[in-house]
Amino acid sequence: MKQTDNLSESTSLADRLGIPAPLFWGFVGLLFFMIGDGVEAGYLAPYLEGQGISSRDTALLFTIYGVTVSLSSWASGPLSDLWGPKRVMWIGLAIWGVFEILFLTFGVAVNSYPVMLAAYTMRGFGYPLFTYGFLVWIAAATPPRQLGSAAGWFWFAFSGGLPTLGSLFASFSIPLIGEMATFWSSLGLVMFGGLLALLMTREPIGSRRLAPVGTKPATIFFSSISILWREPKTFVAMIVRTINTSSEYAFLVIMPAFFTKVIGFSLSQWLQLLSIIFLSNILVNLVSGITADRLGHRTVVALFGCVGAAITVPLFYYVPQMFPGNFPIAAAMGALYGATIAAFVPLSGLVPQICPKEKAAALSALGLGAGASTWVGPAIVTWFESWHGIEGIIWIFCGLYVASAALTLVLTVSPEARRYIDEAAARGDVAEEVTLGH
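The structure presented is a predicted model; accordingly, all values stated were derived computationally and were not measured.

Rules and cut-offs
Every chain's residues receive numbers from 1 upward, in the order its sequence appears when written. Given that the model is predicted, a residue must reach a pLDDT of at least 70 before its local features are reported, and side-chain atom pairs must reach 80 or more before they are shown or counted; all residues, however, enter totals for whole chains, interfaces and linings. With hydrogens and water excluded, all non-hydrogen atoms of the structure serve as input to the side-chain values. Working definition: helices are DSSP H or I runs of at least four residues, strands are E runs of at least two. Numbering for both runs from the N terminus. Any pair of residues with heavy atoms lying within 4.5 Å of one another is described as a contacting pair. We define the nonpolar core as a collection of buried residues of types Ala, Val, Leu, Ile, Met, Phe, Trp, Tyr and Cys that are connected through side-chain atoms lying within 4.5 Å of one another. Think of it in three bands: with a 1.4 Å probe and only protein chains considered, a residue is buried below 20% of the maximum accessible area for its type, exposed above 50%, and partly exposed in between. One fewer than the residue count of a helix, multiplied by 1.5 Å, yields its expected span. The way it works is a 1 Å grid over only the protein atoms, where trapped points that fit a 1.4 Å probe form a cavity and open points with protein on both sides within 12 Å along at least five of seven lines form a pocket, and then any residue with an atom within 4 Å of a point lines it. Grid points are joined across faces, edges and corners, and a volume is the space filled by probe spheres set on the points. Charged means Asp, Glu, Lys or Arg here, nonpolar means Ala, Val, Leu, Ile, Met, Phe, Trp, Tyr, Cys or Pro, and polar covers whatever is left, Gly included. Residues enter patches when they are more than 30% accessible in relative terms and free of salt bridges; like-charged ones are connected within 9 Å and nonpolar ones (Val, Leu, Ile, Met, Phe, Trp, Tyr) within 5 Å. For the area figures, the Shrake-Rupley method with a 1.4 Å probe applies, and any residue is considered shielded solely by the protein chains shown. We define a salt bridge as a side-chain nitrogen of Lys or Arg found within 4 Å of a carboxyl oxygen belonging to Asp or Glu. Axis definition: a line fitted to C-alpha atoms, over the contacting stretch in the case of helices. Angles run 0 to 180 degrees between N-to-C directions. Note on terminology: angles under 35 degrees are roughly parallel, angles over 145 are roughly antiparallel, angles of 65 to 115 are roughly perpendicular, and the others are oblique. Throughout, a crossing is termed right-handed when the near helix is turned clockwise from the far one, and left-handed when it is turned anticlockwise from it by less than a right angle. Planes of paired rings set the category: under 30 degrees apart is stacked, over 60 is edge-to-face and the rest tilted, where pairs are Phe, Tyr or Trp rings (Trp by its six-membered ring) whose centres lie within 6.5 Å. Each residue carries a pLDDT score, the predictor's own confidence in it, on a scale running from 0 to 100.

**What to know about the environment of Leu 350**
Counting through the fold element by element, Leu 350 comes out in helix 15 (residues 347-354). Taking the C-alpha atoms as reference points, Leu 350 and Ser 246, 104 residues apart in sequence, are found 20 Å from one another. With near-sequence residues (within four places) excluded, Leu 350 lies in contact with His 297, Arg 298, Leu 411 and Val 413.

Set out below in structure tokens:
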């Protein structure tokens, strides 16, 4: 595709790095957007509990928020088919900004739990429309040979912000400007990143409807649901993706208190530990995507992701207890955990190959799984913490990762799908590549 002159140097570098060149500024904007979204990730739960909100109510807040994230993650696919990914991203940015202002002004500032619950729940519709709208855009505009690398860069930017650099930012800003001002700074970062991505990215495919002209909205939305039983492998991929980061969202609820009260870390140390975990995560996000293009997507997910996480989740809980107060050892265990969670990234490159004729619908299923993980993790905490405490929750997740390894084995690309991909690539038929959903 023709590139604008003022982006020539950036896109040349992007090509060498494996980033789809016309989408370069979208990846940069996504990183800043997710830094803003991740500022609160490591300290919202302890902050609310410090204001008198019970841990159960805090878990409920995260759970219901996760439900709207899940719905929005699924909707990003059919809405992108209907309106185009770029418009969906604009809507997501607007929702995030409006309801963050309401959440902070009429909820957090006055300690009103009902307002916090309502505003935070509605804000949950925002970031998935922006981020997964961009993921659909990537799938629509990226050649199949580059999908693994592009997915790796997407999750590199996503996890680089939430919660890696976001938590690191908070660990330094809280002592300097306070907790409330840090909350407000997240709004500025999100708006900056969102506007950077949307105003600087001029790739044409994302600005137009992806579904064929004349296709009814009901058909588009139904396709994004019916694909779960028409193409059962997408349902399996959705379950695997749900398991993938469910422990991450559960740990954001239970681990701040565990590391500060049991292990003996300060809040700043916990935030720095969280940043280290996801620094490892973002590096392996990129490496796993590139590696999957060479070794196979399914192999990387099953071996390094599923089996790896089943091992590192217990290590992250038990080893720091053997060395209380020892930050380097806790950081090492956290880095191993973050790396294995990142090894699930090739799912985003595998699923469009499983259903090459319905990429947006297939990614909607994956987005539904990603969104579901944001409430499944906290829900497991809500339901089972009274059973055997944090230790019981750890072993539940360990079992889930073992199960996900078995499920991943069925995620194969059929000969028919492989033939379709090869024929489209041989023709260089861009229109064929980006006709998503049908």
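Having seen it, we continue.
**Some remarks on the nonpolar core**
With 123 residues, the main nonpolar core has Phe 154, Met 255, Phe 259 and Leu 273 as its most contacted residues. Of the residues forming this core, the biggest block, 18 residues, is contributed by helix 16 (residues 359-408). Residues within four places of Phe 154 in sequence aside, it is in contact with Phe 27, Leu 30, Thr 131, Tyr 132, Phe 134, Leu 135 and Ile 138. Ala 75, Val 88, Leu 129 and Leu 368 belong to the second largest nonpolar core, which has 9 residues in total.

**Some remarks on helix 7 (residues 126-141)**
Taking 1.5 Å of rise per residue, 16 residues should cover 22 Å, and helix 7 covers 23 Å from first to last C-alpha, within 8% of that figure. Helix 7 sits mainly inside the fold: 16 of its 16 residues count as buried.

**As for the layout of surface pockets**
Estimated volume of the second largest pocket: approximately 210 Å³. As for the second largest pocket, its lining consists of 13 residues, and the residues nearest its centre are Glu 231, Ile 354, Cys 355, Pro 356 and Ala 417. If you list the elements that add at least two residues to the lining of the second largest pocket, you get helix 11 (232-262) and helix 17 (415-427). It is helix 17 that provides the largest number of residues to the lining of the second largest pocket, a total of 3 residues. Considered class by class, the residues forming the lining of the second largest pocket number 6 nonpolar, 2 polar and 5 charged.

**Describing a nonpolar patch on the surface**
A cluster of nonpolar side chains, namely Leu 303, Phe 304, Val 307, Ile 311, Leu 315 and Leu 336, defines an oily patch on the protein surface of about 510 Å² accessible area. Looking at the nonpolar patch, the element that brings in the most residues is helix 13 (residues 297-322), giving 5 residues. One can find Phe 304 in helix 13. The partly exposed category is assigned to Phe 304, whose relative accessible area is 44%.

**Here's the deal with empty space enclosed by the protein**
For the structure shown, the criterion picks out 6 cavities of 30 Å³ or more. Size it by volume and the largest cavity reaches roughly 190 Å³. In terms of lining, the largest cavity is formed by 22 residues, of which the most central are Trp 155, Ser 159, Arg 241, Asn 244 and Thr 245. Considering every element that reaches the lining of the largest cavity, the biggest residue donor is helix 11, with 5 residues. Around the second largest cavity, the lining residues are Asp 37, Glu 40, Ala 41, Phe 62, Tyr 65, Tyr 120, Arg 123, Tyr 127, Leu 162, Tyr 249, Leu 252 and Thr 374. At the level of elements, helix 4 (55-83), helix 6 (113-123) and helix 11 are the ones that each hand at least two residues to the lining of the second largest cavity.

**Thoughts on the packing of helix 15 against helix 16**
At their nearest, the axes of helix 15 and helix 16 sit 8 Å apart, and the two run at 140 degrees to each other. Between helix 15 and helix 16, the angle is such that the two are oblique. Relative to helix 16, helix 15 is oriented so that their crossing is right-handed. Contact residues: Leu 347, Ser 348, Val 351 and Pro 352 in helix 15; Lys 359, Ala 362, Leu 363 and Leu 366 in helix 16.

**A few points about the packing of aromatic side chains**
We describe a pair of aromatic rings using the distance from one ring centre to the other and the angle between the two ring planes. Evaluation of the coordinates by the stated rule reveals 35 aromatic pairs. Ring plane angle 35 degrees and centroid distance 5.3 Å describe the contact between Phe 259 and Phe 316, whose orientation is recorded as tilted. Remark: Phe 316 occurs in helix 13 and Phe 259 occurs in helix 11; sequence separation between them is 57 residues. With centroids separated by 6.1 Å and ring planes inclined at 50 degrees, the aromatic side chains of Phe 344 and Tyr 401 adopt a geometry described as tilted. With Phe 344 in the loop between helix 14 (327-342) and helix 15 and Tyr 401 in helix 16, this residue pair connects regions lying 57 residues apart in the sequence. Judged by its relative accessible area of 1%, Phe 344 is buried.

**Here we look at the side chain of Ser 224**
Structurally, the position occupied by Ser 224 is in helix 10 (residues 217-230). On the accessibility criterion, Ser 224 (1% relative accessible area) is buried.

**Re the packing of helix 10 against helix 16**
Here helix 10 crosses helix 16 at 75 degrees, and the two axes come no closer than 8 Å. Viewed along their axes, helix 10 and helix 16 adopt a mutual orientation that is roughly perpendicular. Between helix 10 and helix 16, the contacting residues are Ser 223, Ser 224, Ile 227 and Leu 228 on the first element and Ala 361, Ala 362, Ser 364 and Ala 365 on the second. Taken together, the residues of the contact of helix 10 with helix 16 break down into 5 nonpolar, 3 polar and no charged.

**Let's talk about unusual backbone geometry**
Unusually for a residue other than glycine, Asn 111 sits at a positive phi of about 60 degrees. Looking at the secondary structure, you find Asn 111 in the loop between helix 5 (85-108) and helix 6. What makes Asn 111 partly exposed here is its relative accessible area of 34%.

**Examining the environment of Gly 152**
In this structure, Gly 152 sits in helix 8 (residues 147-177). A relative accessible area of 0% means that Gly 152 is categorised as buried.

**Some points on the side chain of Glu 100**
Along the chain, Glu 100 falls in helix 5. Classification of Glu 100 by relative accessible area gives buried; the value is 0%. Ignoring sequence-local partners within four residues, the contact set of Glu 100 consists of Glu 40, Arg 123, Phe 183, Ser 186 and Leu 187.

**A look at the confidence of the model for the chain**
Confidence in the prediction of the chain, expressed as mean pLDDT, is 86, and 93% of residues score 70 or more. Contacts of residues 1-11 to residues separated by more than four positions or lying in other chains number 11 contacts, the stretch itself having pLDDT below 50.

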